Amino acid sequence: MAEEAAASTPPQSSAAPLGSSVIPIVNKLQDIFAQLGSQSTIELPQVAVVGSQSSGKSSVLESLVGRDFLPRGSDICTRRPLVLQLLQTKRKPDGSEEEYGEFLHLPGKRFYDFSEIRREIQAETNREAGGNKGASDKQIRLKIFSPNVLDITLVDLPGITKVPVGDQPSDIEARIRTMIMSYIKQPSCLILAVTPANSDLANSDALQIAGNADPDGYRTIGVITKLDIMDRGTDARNLLLGKVVPLRLGYVGVVNRSQEDILLNWSIKDALVAEEKFFRSRPVYTSLADRCGVPQLAKKLNQILVQHIKAILPGLKSRISSALVSVAKEHASYGEITESKAGQGALLLNILSKYCEAFSSMVEGKNEEMSTCELSGGARIHYIFQSIFVKSLEEVDPCEDLTNDGIRTAIENANGPRSALFVPEVPFEVLVRRQIARLLDPSLQCARFIYDELIKISHRCMVNELQRFPVLRRHMDQVIGNFLRQGLEPSETMIGHLIEMEMDYINTSHPSFIGGSKAVELANQQIKNSRVPLPIRSKDGSEPDKALTSERSNKSRAILARQVNGIVADQGVRPVADGEKLPSTGSTSISTWGIPSIFGGSDNRTSVKESSTNNKPYSEPVHDAEHSFSMIHLREPPTVLRPSEDRSETQAIEIAITKLLLRSYYDIVRKNIEDSVPKAIMHFLVSLN
């Protein structure tokens, strides 16, 4: 009986008083943070139990508590993380013990029957993970109050499995490893790596995953289970001494109940007595008394946990204090709760007044919290007007989308069936209206930019009190957006009217307009500067231009002589020399390049025929000439007709004049728009706010 009492009574240590005062505080914090869920960013000290399936994790936990309360079986049993808080209580004055458990999801309900605790764990697991071996990462939190335990917080994690069964997904191993890593990767978590003694320690899943999370081994404690079923002639001495896989915190060996012992209803107390007898009966473990048995494991866990809490307590206190200050500041920003209707109305009026003042001061540049790092408020509006809108318009070339051929086509279309003596005004007005219309889109974009800036200013002016009233904030956003849109619409309408006004009346009398005479002068100067003089003379010393003119004159006379009245002369007709003269008929001479013969009477045509006949070496009958005249066919005009590629000097001057006029008048309109559009936006959109 003395041995049983000694086995059932947990060993006391010098660290227990500190643990009894510190660990319960950490447990209370864990309960609070558990209710916050994922919102908690503070990690608290705890011990996570990891190991492969059927490695004995649940048996170790039951041995630490001293009672049967965990689900058991040959398949996977732990399918949800179980946070187990062991809290040491005092015995009653009469020496009796009171042991019970409480679940966080059932506050106020005590379970004195530990078999009911097992059934509640199974039922809660099935509610979340299903009844066919599914797994979930949602915690089950259980407190055990007993005088036979030391203050420890343990997390029983699902065992590492290889092959999915039941409703488990195909990647169940990866999911369970991810779940385990989410706990043990935190520096505040101690790792209890459980490995059976009848397996190769070098291939231990628990030590492998613990090594990934704690490569230096400062947080890992090894537990060797099933020492009683090792092969005969073998022992775990080298394992417990850390000679196989060394750990800084060492190993503890335990002997748990077998499945046969559980079927025979062996209690945990009986198992602890049998464990102590086992180690005493093995001389190889005699010198390792501090590394063997569940009581030594509980003592070691308590000491290490207390030391771990002492190490991280300053940082934990600092994080909690910082979070407390932040929450207190946020709470103070919400203000006091107002119950009366009058008080609520006054609060609402105060919020709206503060918002209006903040908006106005930010637009006008009178905000007390003025930034020194970036432009804000009205300064951004000014930047949009001057550095974006005005600068963009000044960089536009009004003739960049007009080619010389396009301008020439417009000029010829404006002339109609006649050739113009001067540059026509119609193509200038058509082209300049097209360029003025291009100013509409950037002007509307400028108005939209200002609207967006006002929306941003509105969001920045939302006072802190609105954080208390998300519905009010949402309605204010909606109302302010509608109000600004009501100012945007007349701004865009006014901008459209400004552009239409400029297009409806082309004021060529504007004092800044270049004018026709000045444009002609500048165009002639441009054409003159673009010429390249060619000082080349012919062999006989005459100038090339004169020689070219003489040659062209001879060719023209020959052509006129051959094509008079549609009768084509033979190749025997030679060009008329400069000194020669054609025979005259009457008072009219044919020396004027045949023009009188085109518009003259029949006598002239006869003379031309006779002259042509006399000059030909072979004469043809008259009916052959008439037949030849009837065989001339004209080409069909093309569907799309464009000007010829060759441009005369006159046409080049017309194109240059048109460009000068376009640029001059576009600059006048651009300056008007640069001045009028910001005024319209300020009047209809900004000033009304």
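Up top is the structure these notes are about.
About the cut-offs
Residues numbered from 1 in each chain as written. Predicted model: local features only at pLDDT ≥ 70, side-chain atom pairs only at ≥ 80, totals over all residues. Heavy atoms only, no water. Pairing = 2+ DSSP bridges. Helix = DSSP H or I, 4+ residues; strand = E, 2+ residues; numbered from the N terminus. Patch = residues over 30% accessible without salt bridge, like charges linked within 9 Å, V, L, I, M, F, W, Y side chains within 5 Å. Areas by Shrake-Rupley, 256 points an atom, 1.4 Å probe, with all protein chains shown as cover. Salt bridge = Lys/Arg side-chain N within 4 Å of Asp/Glu carboxyl O. Buried < 20%, exposed > 50% of the residue type's maximum accessible area, 1.4 Å probe, protein only. Polar contact = N/O pair within 3.5 Å; in protein donor to acceptor, adjacent residues only side chain to side chain. Contact = heavy atoms within 4.5 Å. Core = buried A, V, L, I, M, F, W, Y, C linked by side-chain atoms within 4.5 Å. Axes fitted to C-alpha atoms, helices over the stretch in contact; angles between N-to-C directions. Parallel < 35°, antiparallel > 145°, perpendicular 65-115°, else oblique. Left-handed = near helix turned anticlockwise from the far one by under 90°. Nonpolar A, V, L, I, M, F, W, Y, C, P; charged D, E, K, R; others polar.

Draft legend 1. Layout of the sheet that holds strand β4 (residues 110-111). Read across the sheet, 9 strands follow the order β4-β3-β5-β2-β6-β1-β7-β8-β9 without closing on themselves; strand pairing throughout is mixed. Every interior strand has two partners, whereas the edge strands, β4 and β9 (251-253), have only one. Pairing of strand β2 (residues 82-88) with strand β6 (residues 152-156) involves 5 bridges; the strand directions are antiparallel. Looking at β6, one finds that Val83 is bridged to Val155.

Draft legend 2. Spotlight on a nonpolar patch on the surface. The grouping of Leu375, Tyr383, Ile388 and Phe449 at the surface amounts to a nonpolar patch, some 350 Å² of accessible area in total. Along the polypeptide, Phe449 turns up in helix α15 (residues 440-460). Classification of Phe449 by relative accessible area gives partly exposed; the value is 36%.

Draft legend 3. Region of interest: the side chain of Ser136. Relative to the helices and strands, Ser136 resides in the loop between α4 (114-129) and β5 (140-146). At 3.3 Å, the side chain of Ser136 forms a polar contact with the backbone nitrogen of Lys138. The residues contacting Ser136, other than those within four sequence positions of it, are Arg79, Arg80, Pro81, Glu128, Ala129 and Met179.

Draft legend 4. The arrangement of the nonpolar core in detail. Core analysis: the biggest nonpolar cluster contains 52 residues, and Phe428, Ile450, Leu454, Tyr665, Ile673 and Ile681 have the highest contact counts within it. Elements represented by at least two residues in this core include exactly α11 (341-364), α12 (378-394), α14 (425-437), α15, α16 (470-504) and α22 (649-686). Among the elements that make up this core, the one with the highest residue count is α22 (14 residues). Look past the residues within four positions of Tyr665 in its chain and what remains in contact with it is Phe428, Val432, Ile436, Tyr505, Ile506, Asn507, Thr508 and Phe513. Counting residues in each nonpolar core, the second largest holds 42 residues, with Phe69, Leu82, Ile140 and Val149 among its members.

Draft legend 5. View of the packing of α15 against α16. Packing of α15 against α16 brings their axes to within 10 Å, and their N-to-C directions diverge by 160°. For the element pair α15 / α16, the angle class is roughly antiparallel. With respect to the hand of their crossing, α15 and α16 are arranged in right-handed fashion. On α16, the residues touching Leu440, Ser443, Leu444, Ala447, Arg448, Tyr451, Leu454, Ile455, Ser458 and His459 of α15 are Arg473, Asp477, Ile480, Gly481, Leu484, Arg485, Leu488, Glu492, Ile495, Gly496 and Ile499. Tallied by class, the residues present in the contact of α15 with α16 amount to 11 nonpolar, 5 polar and 5 charged.

Draft legend 6. Region of interest: the pairing of strand β1 (residues 46-50). The element β1 is largely enclosed, with a buried count of 5 among its 5 residues. Residues of β1 alternate between two faces, with Gln46, Ala48 and Val50 on one and Val47 and Val49 on the opposite face, all of them buried. The pairing of β1 with strand β7 (residues 189-196) spans 5 bridges and is classified as parallel. What sits directly across from Val50, in β7, is Ala193. Two elements, β1 and β6, share 3 bridges in a ladder whose sense is parallel.

Draft legend 7. Here's a closer look at the packing of helix α5 (residues 172-184) against helix α6 (residues 205-213). Orientation of α5 relative to α6, taken along the N-to-C sense of each, is 50°, at an axis distance of 10 Å. Put simply, α5 runs oblique to α6. For the crossing formed where α5 meets α6, the hand is right-handed. Of α6, the residues touching α5 (which contributes Arg177, Ile180, Met181 and Ile184) are Asp205, Gln208, Ile209, Ala210 and Ala213. In the contact of α5 with α6, the residues fall into 6 nonpolar, 1 polar and 2 charged.

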